[in-house]
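Results of the structural survey
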Amino acid sequence: SAPLDSGMGSVGRPPHLVFVMVDDQGYGDVGYHGAHDIRTPVLDQLAARGVKLENYYVQPICSPSRSQLMTGRYQIHTGLQHSVIRSRQPLCLPPDAPTLPERLQQAGYSTHMVGKWHLGFCRARCLPTARGFGSFLGSLTGSGDHFTFRSCDGAEACGFDLHDGERPAWEMSGNYSTWLYVERVKQILRAHDGRKPLFLYVALQAAHTPLQAPARLLQRHGSLGNRLRRHYAAMLSGVDEAVAEMVQEMRERGYYSNSVLVYSSDNGGQPLAGGCNWPLRGGKGSYWEGGVRAVGFVHSPLLERTGVVSRALIHISDWYPTLLTLAGAPELDPQRLDGYDVWGAISRGLPCPRTEILFNIDPISHGHGEADQHSLTVSGFGIWDTGVRAAIRVGHWKLLTGNVGDGDWFPPQTFPGGPQQWQGGEKRQDQQRKTVWLFNVSADPYERSDLAEAQPEVVKLLLSRIAEYNRTAVPARNPPDDPMADPQLHGGVWTPWLVQGEGEGEQGVEVADTRYSKVRFKFCKVCKLRALFKKVRSRLQRTTLFF
C-alpha cells in the first residue's frame with residue numbers, strides 16, 4: 001500500500017477517517033489490558049491487528065478531551081481550562097478556533113457526527129452542524145438516559161436531549177443509545193458516495209452514567225455480583241458489538257481497505273460508577289494516571305506495521321494535525337497548534353515529535369487561603385504557585401500541583417458489596433497538606449514513589465515549564481449558569497437559547513442583545529423562582545427516601 005505520510009491511501013485517494021470515542025472507559029476496562037469481567041473480543045482483535053497506543057493520554061473529564069480533539073489546542077489556549085461545559089452555561093468552543101471537521105470539509109471530505117457533543121450549545125452557531133459536520137444525530141449535553149434521552153443539569157433543569165440535525169428527534173426515544181447510533185452510522189455508510197472521502201466521528205454515550213443496558217447484554221454478565229460493574233460491563237459489551245457492526249459495514253461497502261480507524265476513551269473510568277483503572281492510580285476527574293492514561297489504538301490496512309505496541313508519547317490534541325495530514329490537508333501553521341502529527345511514530349515507529357504534555361493549568365481551581373504564600377515561595381521555589389491545579393509531563397517526568405483529584409488505587413471491582421467493601425484497598429498516603437508531586441512515570445507508571453523531595457532540580461525545571469505555558473494562556477471562561485436555558489422554557493428540549501447576532505461580554509461571558517433583553521428580563525425572575533421551587537421539591541423527595 002502507498003505510504004500515508006503524503007495523505008494518499010492505497011488507491012491514491014485520501015483515506016476514510018473514522019474516530020470512535022467511548023465515554024468513561026477505564027484503562028483496565030478492555031480485554032487486552034487484562035480485564036477478566038469485561039468482554040471486548042472485537043476491540044481486542046482490532047487492536048491486536050493494528051497499533052496499540054500504550055503511552056496515550058487524554059484529559060480527565062469530557063469537554064476538555066473533546067475540545068482538544070476538535071481544535072488541536074490545549075485548554076489554556078481556548079479558555080476552557082476549568083471543568084466541563086455545563087448544560088445551562090452560556091459557553092461553547094470559541095468561534096475563532098477552526099475545528100477538525102471544518103478543515104476536513106474544506107479538504108473535500110463528507111463529515112458526519114453521531115453521539116455526544118458536550119462542547120456547548122447556547123447559540124445555534126455552537127452546534128455540531130455549525131462547526132463542520134454535515135449531519136448530526138446525538139446529544140448536546142454531558143449525560144442522559146440511554147433510552148429516553150432525558151438529561152438533567154442538577155435536579156431542577158431537565159429536558160429531552162436527542163437531536164437529528166437541529167431538531168429534537170422525539171420519534172427516536174425508546175431506542176438504546178449505542179444501538180441507535182450504530183444504526184445511523186450504517187445508514188451513513190450505505191448512503192455515502194464512496195468516491196468522496198468520509199470523516200465519521202462516533203462519540204458513543206456508553207459507558208457514562210446512568211448505567212443502563214438492554215436485558216440481552218445484562219444477561220451475559222449475570223455472574224458479576226457487583227451491580228454497578230455488571231451494568232458497566234454490559235454497556236461495554238454493547239460498545240464492542242457496535243464497533244463490530246461498523247467495521248463489518250465498512251467492509252461490505254468497500255470503505256475498509258482505504259480507511260483509518262482510531263479508537264479512544266475520553267478520560268479514565270469512574271471507580272464509583274463501575275469503571276476500573278487498575279493498576280493505575282486515581283480515576284476520572286483526576287490528573288493521576290488513572291484519570292488521563294487512556295485506552296487507545298489505531299486499526300488500518302494502511303498502517304506500515306501492525307500487531308505492535310507503540311510507546312510513543314501521544315496526546316488527544318495530536319489527532320487534529322495527524323488526521324489533517326492523512327487527509328492531504330496538513331496544518332499550514334503548526335505553531336498555532338499544541339498537537340503534533342504523530343502518524344510516522346504510529347505507522348512506522350519513527351521518533352515521536354512530542355516530548356511533553358501540558359495536561360492543564362486551571363487558575364479557577366486555586367484554593368485561596370493562608371497557604372498561598374507558602375505554595376509560591378516554598379513549595380514552588382518562587383517559580384510557580386503550587387496551590388494552582390496543574391499537571392505536566394516532560395520526558396519521563398510528571399509533575400502535579402494543587403488539588404489534582406482523588407489519588408486512591410482502586411482494585412478491580414469484583415467485590416459483591418460494592419464501594420463499602422473497598423475500604424481494605426490501598427489508600428493514598430501522600431496527599432495530606434501537599435501541593436506538589438513528582439513521578440518518573442516510565443519507571444513508576446502507578447505513581448507510588450513521589451520524588452518531589454529527592455529531585456528538587458527536576459521539580460524546578462517542570463515548574464518553570466508550567467510558568468512558561470501559563471504566559472501563553474488566555475483568560476479562563478467560566479460564566480454562571482443562565483436560567484433562560486431551562487428546557488421548560490423551550491418546549492421541554494435542551495436547545496440553543498441565545499439569539500444569533502449578540503456579542504460576548506468580557507472574558508467570554510455571553511450576553512444577549514437588546515432585541516432579546518426585554519424578553520430575558522421579563523421571564524428571568526419567573527424562571528429563577530420556578531427553579532427554586534423545583535430544587536426544594538426535589539430535596540424534599542430525596543429526604544423522604546430515608547424515612
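Residues numbered from 1 in each chain as written. Predicted model: local features only at pLDDT ≥ 70, side-chain atom pairs only at ≥ 80, totals over all residues. Heavy atoms only, no water.

Each helix and strand in the protein chain was counted, giving 12 helices and 18 strands. Taken across its 547 residues, the protein chain has 59% of its residues classed as buried. For the protein chain, the proportion of contacts with a sequence separation of at least 24, taken over those separated by at least 6, is 73%. For the protein chain, the exposed area adds up to about 21400 Å²; of that, 53% sits on carbon and sulfur atoms. (Helix = DSSP H or I, 4+ residues; strand = E, 2+ residues; numbered from the N terminus. Buried < 20%, exposed > 50% of the residue type's maximum accessible area, 1.4 Å probe, protein only. Contact = heavy atoms within 4.5 Å. Areas by Shrake-Rupley, 256 points an atom, 1.4 Å probe, with all protein chains shown as cover.)

This part covers the packing of aromatic side chains. Per the counting criterion, the structure on display carries 17 aromatic pairs. Seen in terms of ring centroids, Phe 121 and Trp 494 are 6.3 Å apart; in terms of plane orientation they differ by 85 degrees. Their pairing is edge-to-face. Of this pair, Phe 121 sits in the loop between β4 (110-116) and β5 (135-139) while Trp 494 sits in the loop between α11 (456-470) and α12 (514-544); the two residues are 373 residues apart in sequence, bridging distant segments of the chain. A single burial state applies to Phe 121 and to Trp 494, both of which are buried. Here Phe 133 and Phe 199 contribute two aromatic rings whose centre-to-centre distance is 6.2 Å and whose plane-to-plane angle is 20 degrees, an arrangement assigned as stacked. Of this pair, Phe 133 sits in the loop between β4 and β5 while Phe 199 sits in strand β10 (residues 198-203), and the two are 66 residues apart along the sequence. This pair shows no difference in class: Phe 133 is buried, exactly as Phe 199 is. Connected via pairs of aromatic rings, a cluster forms that spans Phe 19, Tyr 56, Trp 117, Phe 133, Phe 199, Tyr 201 and Trp 319. It is Arg 251 that lies over the ring of Tyr 256; its NZ or CZ is 3.9 Å from the centre. (Phe/Tyr/Trp six-rings, centres within 6.5 Å; stacked < 30°, edge-to-face > 60°. Lys NZ or Arg CZ within 6 Å of the ring centre and 35° of its normal.)

A few words on the sheet that holds β10. Ordered in space as β9-β8-β5-β4-β10-β1-β11-β12-β2-β13, the 10 strands form an open sheet in which the pairing is mixed. Looking at strand neighbours, the two that pair on one side only are β9 (167-168) and β13 (308-310), the edges of this open sheet. Strands in contact with helix α1 (residues 41-48) are β2 (51-53), β11 (259-265) and β12 (296-299); relative to β12, the strand with the most contacts, it is inclined by about 65 degrees. (Pairing = 2+ DSSP bridges. Axes fitted to C-alpha atoms, helices over the stretch in contact; angles between N-to-C directions.)

Relative to each other, helix α4 (residues 177-191) and helix α6 (residues 227-252) sit at 5 degrees, their axes nearing to 10 Å. In terms of orientation, α4 and α6 fall into the roughly parallel class. Listed contacts from α6 to Thr 178, Trp 179, Val 182, Glu 183, Val 185, Lys 186, Leu 189 and Arg 190 of α4 are Gly 238, Val 239, Glu 241, Ala 242, Glu 245, Met 246, Glu 249 and Met 250. When grouped by side-chain class, the residues that make up the contact of α4 with α6 number eight nonpolar, two polar and six charged. (Parallel < 35°, antiparallel > 145°, perpendicular 65-115°, else oblique. Nonpolar A, V, L, I, M, F, W, Y, C, P; charged D, E, K, R; others polar.)

Bringing the sheet that holds strand β15 (residues 356-362) into the picture now. Strand order in the open sheet formed by four strands is β15-β16-β17-β18, with antiparallel pairing between adjacent strands. Whereas interior strands pair on both sides, the edge strands pair on one side only; in this sheet they are β15 and β18 (436-440). The sheet shows a mean angle of 10 degrees between the axes of neighbouring strands, direction not considered. In this sheet, strand β17 (residues 397-401) lies alongside strand β16 (residues 389-394) in antiparallel orientation, the contact comprising five bridges. In the sheet register, Ala 390 faces β17, and the bridge partner there is Thr 401. Across the face of the sheet, α11 comes into contact with β15, β16, β17 and β18 while running at roughly 65 degrees to β17.

Applying the stated rule across the entire model yields two disulfides. For Cys 92, the disulfide goes to Cys 126, at an S-S distance of 2.2 Å. Between Cys 92 and Cys 126, the S-S torsion sits near -50 degrees, and that sign places the bridge as left-handed. One end of the pair, Cys 92, is in the loop between α2 (62-71) and α3 (100-106); the other, Cys 126, is in the loop between β4 and β5, with 34 residues separating them in the sequence. Relative accessible area serves as the criterion here: at 6%, Cys 92 is assigned to the buried category. There is a disulfide in this structure between Cys 152 and Cys 158, and the S-S distance comes to 2.0 Å. The sign of the 115 degrees torsion about the S-S bond sets the Cys 152-Cys 158 disulfide as right-handed. (Disulfide = S-S within 2.5 Å.)

Following the criterion strictly, the structure yields 30 salt bridges and no others. In this structure, the salt-bridge partner of Arg 253 is Glu 249, at a minimum N-O distance of 2.9 Å. Residue classification places Arg 253 among the partly exposed residues on the basis of a relative accessible area of 40%. Salt-bridge contacts for Asp 450 lead to Lys 434; the nearest nitrogen and oxygen are separated by 3.0 Å. A residue pair is termed long-range when its members are at least 10 positions apart, and Asp 450 in the loop between β18 and α11 and Lys 434 in the loop between β17 and β18 qualify at 16 residues. Overall, the relative accessible area of 26% leaves Lys 434 in the partly exposed class. The network of salt bridges with shared partners includes Asp 23, Arg 66, Lys 116 and Asp 266. (Salt bridge = Lys/Arg side-chain N within 4 Å of Asp/Glu carboxyl O.)

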